[in-house]
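Geometric and topological summary
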Amino acid sequence: MPIELQQDKSESNLSDCEADQLISESLYRTVFETTSTASIIIEEDTTISRVNKKFEILSGYSKEEAEGKKGLVDVIEKGCLEKMMMYYNAERTAPDSAPGSYECQFIDRNGDVKDVYATFAMIPGTKKSVASFLDITEFLKAQHALQESETKFRLLFQKSVDPILLLDGNRFVDCNDAACKIMHCTSKEQLLGLLPSQISPDTQPDGRLSCDREREILDTAGKEGSSFFEWVHLNRDNELFWVEVSLTAIPIGGKHYLYTVWRDITKRKEAEEALQESEERYKTAIENSNDGILIVKDGRYVSVNRRLVEMLGYGSAAEIEGKDIGVIIHPDYIDKVMDIHIGQHSGERLPSIYEIKHIRKDGTFLDTEASATKTTLKGEPVSLVFLRDITKRKLAEEALKKRENELEIKSINLEDANIALKVLLRHREEDKKALKDTILANVQELVFPYVEKLKNGHLSDNQMAYLGILEKNLSDIISPFIQKMTSSYSFFTPTEIRIASLVKSGKTSKEIAEFMNVSTGTIDTHRNNIRSKLDLNNKKINLRTYLMSL
């Protein structure tokens with residue numbers, strides 16, 4: 001082959017290689033510039049020699065600011081840089097030991113830190129590397145929020161005071177501690193895998209089988225996404241309890257579960273049953289009450305009991321119910337009743353009991369004592385009124401009043417008689433005093449002068465002694481001592497009064513015994529009786545001294 005031809009052929013082959021290289025570089029540049037991730041070419045010394053548009057957006061640096069002027073140290077967070085450089089160097093010495101991709105933190109021009117997913121690769125035939133950075137900041141935030149949400153969900157699930165369970169289809173696959181507690185389970189495994197109907201009585205309160213209602217409710221919740229109902233369950237100790245059940249379909253891990261919340265309403269149901277029983281007892285009590293009872297709303301009778309119908313002489317409650325209050329109330333009392341009814345519902349302080357005059361069906365009047373209180377009927381304010389027939393009491397009050405008038409007249413007459421009696425007694429006291437004064441004057445004027453004449457006559461010693469005693473006794477009769485002894489010490493005998501008088505005059509027991517012609521022992525006995533009656537026993541008080549003090 002001629003030299004020229006060989007030369008031409010070599011030049012031709014060279015041109016083809018150059019063309020292929022140009023095409024390859026053009027293709028690489030196009031991919032580099034248009035890729036969806038921020039990409040750079042890194043020199044061996046980690047200087048950034050080329051960047052694409054996405055990198056400019058991620059970093060905030062322009063091509064002119066980055067290419068040849070920035071390195072990995074300028075865009076990688078210091079905490080990550082050491083690890084990255086270890087991988088970067090390992091890629092050049094032992095490529096298989098270095099991971100090609102990993103997460104790190106990227107620092108932009110403003111100093112903001114971003115989470116990125118970095119991928120590094122050597123450019124074949126060179127000591128250069130190509131790196132791409134995928135911004136995963138929002139992804140990590142979302143992932144963190146999801147983890148946080150899952151943590152919160154788990155905490156709410158576990159710590160809720162209400163029992164919470166998860167249904168996969170129609171079987172429980174998870175539950176919280178509150179569910180175990182209400183079911184009297186020692187662990188959740190005792191619940192998991194069971195059907196709701198397996199922890200329920202055979203029938204629900206409406207009479208339907210628990211298994212039939214279970215299928216119907218689960219189907220509804222699956223189709224509509226939720227369901228709310230009341231249910232009776234059976235715990236492990238065979239005790240029934242009521243719950244409000246809320247079923248909500250929720251996605252977990254790409255699968256739909258029924259999020260089940262129980263709310264224990266056993267006490268509420270017991271209260272409702274008790275209230276119903278109470279209402280029945282209340283109705284019975286009203287119908288059998290001895291008082292007339294009526295309910296008033298907006299000036300009309302809503303309900304009346306049998307006793308009221310009887311009191312007013314009607315045939316049935318229907319003749320009164322629905323009528324205006326004036327149909328059975330005396331016209332003079334209608335305003336009073338309406339004022340009380342309105343005042344009660346406006347919060348005024350009113351008398352708890354008041355009297356009303358009613359009209360019977362036959363037109364006669366009935367006196368009643370009324371007691372009203374405000375209450376509610378089907379959520380509406382009403383007045384509950386109790387009426388007591390006080391006709392007999394009114395008649396008794398009238399009779400009592402009449403009797404009081406009669407007694408008042410008699411009292412006035414007695415007062416007049418009492419005044420007259422007092423006048424009479426006063427006159428009697430005056431007469432007694434006058435009589436005493438007359439006796440005293442007569443004794444002093446008509447008796448003592450002759451006693452004195454006898455003393456001056458010729459009398460024997462005994463006669464003189466008797467005359468002295470006579471004079472002394474006359475003096476004592478009219479003296480305050482005898483009067484006081486007789487009035488204040490009425491328990492003394494006449495003999496004791498005579499001896500007390502002689503003791504007071506200074507006579508000894510022997511002298512008194514001779515005068516009264518008795519023994520000295522008899523006189524001493526009387527003296528002891530006198531001391532005892534005067535409470536002088538065991539006291540060092542002279543009898544004569546004490547008698548003289550009276």
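Summary of the structure given here. All values derive from a computational prediction rather than experimental measurement. (Residues numbered from 1 in each chain as written. Predicted model: local features only at pLDDT ≥ 70, side-chain atom pairs only at ≥ 80, totals over all residues. Heavy atoms only, no water.)

1. Things to note about the nonpolar core
The line we're drawing: Definition of nonpolar core: a set of buried residues of the types Ala, Val, Leu, Ile, Met, Phe, Trp, Tyr and Cys, connected through side-chain atoms within 4.5 Å. Exposure classes here rest on a 1.4 Å probe applied to the protein chains alone. A residue is buried below 20% of its type maximum, exposed above 50%, and partly exposed in between. Comment: elements are numbered from the N terminus, with helices defined as DSSP H or I runs of at least four residues and strands as E runs of at least two. Residue contacts are defined here by distance: any two heavy atoms, one from each residue, within 4.5 Å place the two residues in contact.
Within the largest apolar cluster, 25 residues are counted, with the highest numbers of intra-cluster contacts made by Ile40, Phe55, Leu72, Ile76, Phe106, Phe120 and Phe133. At the level of elements, β1 (38-42), β2 (48-51), α2 (53-59), α4 (72-75), α5 (78-93), β3 (101-107), β4 (113-122) and β5 (129-135) are the ones that each hand at least two residues to this core. What Phe133 contacts, discounting residues up to four positions off in sequence, is Thr37, Ala38, Ile40, Phe55, Leu58, Ile76, Phe106, Val116, Tyr117, Ala118 and Phe120.

2. Considerations on the packing of helix α15 (residues 494-504) against helix α16 (residues 509-516)
Filter applied, for reference: Axis lines are fitted through C-alpha atoms, for helices just across the contact stretch, and the angle between N-to-C directions can take any value from 0 to 180 degrees. Put simply, angles under 35 degrees are roughly parallel, angles over 145 are roughly antiparallel, angles from 65 to 115 are roughly perpendicular, and the rest are oblique. What makes a crossing left-handed is the near helix being turned counterclockwise from the far one by less than a right angle; a clockwise turn instead makes it right-handed. Lys, Arg, Asp and Glu make up the charged group, whereas Ala, Val, Leu, Ile, Met, Phe, Trp, Tyr, Cys and Pro make up the nonpolar group; the residues left over, Gly among them, are polar.
It is the contact of α15 with α16, at a shortest axis distance of 10 Å, that shows an interaxial angle of 130°. In this view, α15 runs oblique relative to α16, as classed from their interaxial angle. Note on packing geometry: the crossing formed by α15 with α16 is right-handed. For the pair α15 and α16, the contacting residues are Thr495, Arg498, Ile499, Leu502 and Val503 in the first and Ile512, Phe515 and Met516 in the second. The residue inventory of the contact of α15 with α16, partitioned by class, reads six nonpolar, one polar and one charged.

3. Considerations on the side chain of Ser289
Heads up, the condition is: Here a polar contact is taken to be a pair of N or O atoms separated by no more than 3.5 Å, where protein atoms must pair a possible hydrogen donor with a possible acceptor and residues adjacent in sequence count only if both atoms sit in side chains.
Here Ser289 shows up in the loop between α9 (266-287) and β11 (292-297). A polar side-chain atom of Ser289 sits 3.0 Å from the main-chain amide nitrogen of Asp291. With residues up to four places along the chain from it excluded, the contact list for Ser289 reads Asn305 and Arg307.

4. Topic: the environment of Glu189
Mapped onto the elements of the fold, Glu189 is located in the loop between α7 (177-182) and α8 (210-224). You can call Glu189 exposed: its relative accessible area is 56%. Separated by 14 residues in sequence, Glu189 and Cys175 place their C-alpha atoms 9.2 Å apart.

5. A few points about the pattern of salt bridges
Heads up, the condition is: Here, a salt bridge means any side-chain nitrogen of Lys or Arg that lies within 4 Å of a carboxyl oxygen of Asp or Glu.
For the structure on display, the rule yields 30 salt bridges. Between Glu56 and Lys53 there is a salt bridge, with the nearest N and O atoms lying 4.0 Å from each other. One end of the pair is Glu56 and the other is Lys53, both in helix α2 and three residues apart, which spans about a single turn. Arg268 is the salt-bridge partner of Glu230, the closest N and O atoms lying 2.8 Å from each other.

6. Some remarks on α8
How we decide: One less than the number of residues in a helix, times 1.5 Å, gives the span that helix is expected to have. For this quantity, the arc is that covered by the directions from the helix axis to the C-beta atoms.
Helix length check: α8 (15 residues) gives 21 Å between terminal C-alpha atoms against 21 Å at 1.5 Å per residue, within 8%. Within the sequence span of α8, burial applies to Ser210, Arg213, Glu214, Ile217, Leu218 and Ala221. The buried residues of α8 occupy one face: seen down the axis, they fall within an arc of 125°. Within α8, the exposed residues directed more than 90 degrees away from the buried face are Gly222 and Lys223. The secondary structure elements touched by the buried residues of α8 are β6 (164-168), β8 (226-234), β9 (240-252) and β10 (255-264). Within two residues after α8, Gly225 carries a phi angle of roughly 90°, on the positive side.

7. A word on the sheet that holds β2
Here is the rule we go by: When DSSP finds at least two bridges between two strands, those strands are taken to pair.
Ordered in space as β2-β1-β5-β4-β3, the five strands form an open sheet in which the pairing is antiparallel. Since the sheet does not close on itself, it has two edges, and those belong to β2 and β3, each with one partner. Mean inter-strand twist for the sheet, computed between neighbouring axes without regard to direction, equals 35°. Relative to β5, β1 runs antiparallel, the two sharing five bridges. When the sheet's bridge partners are listed, Ser39 is paired in β5 with Ser132.

8. A few points about α16
Buried within α16 are the following residues: Ser509, Ile512, Ala513 and Met516. All buried residues of α16 fall inside an arc of 100° around its axis, so they share one side. α16 presents Lys510 and Glu514 as exposed residues on the side facing more than 90 degrees away from its buried surface. The elements touched by buried residues of α16 are α15 and α17 (520-533). Asn517 sits one or two positions beyond α16 and adopts a positive phi of about 60°.

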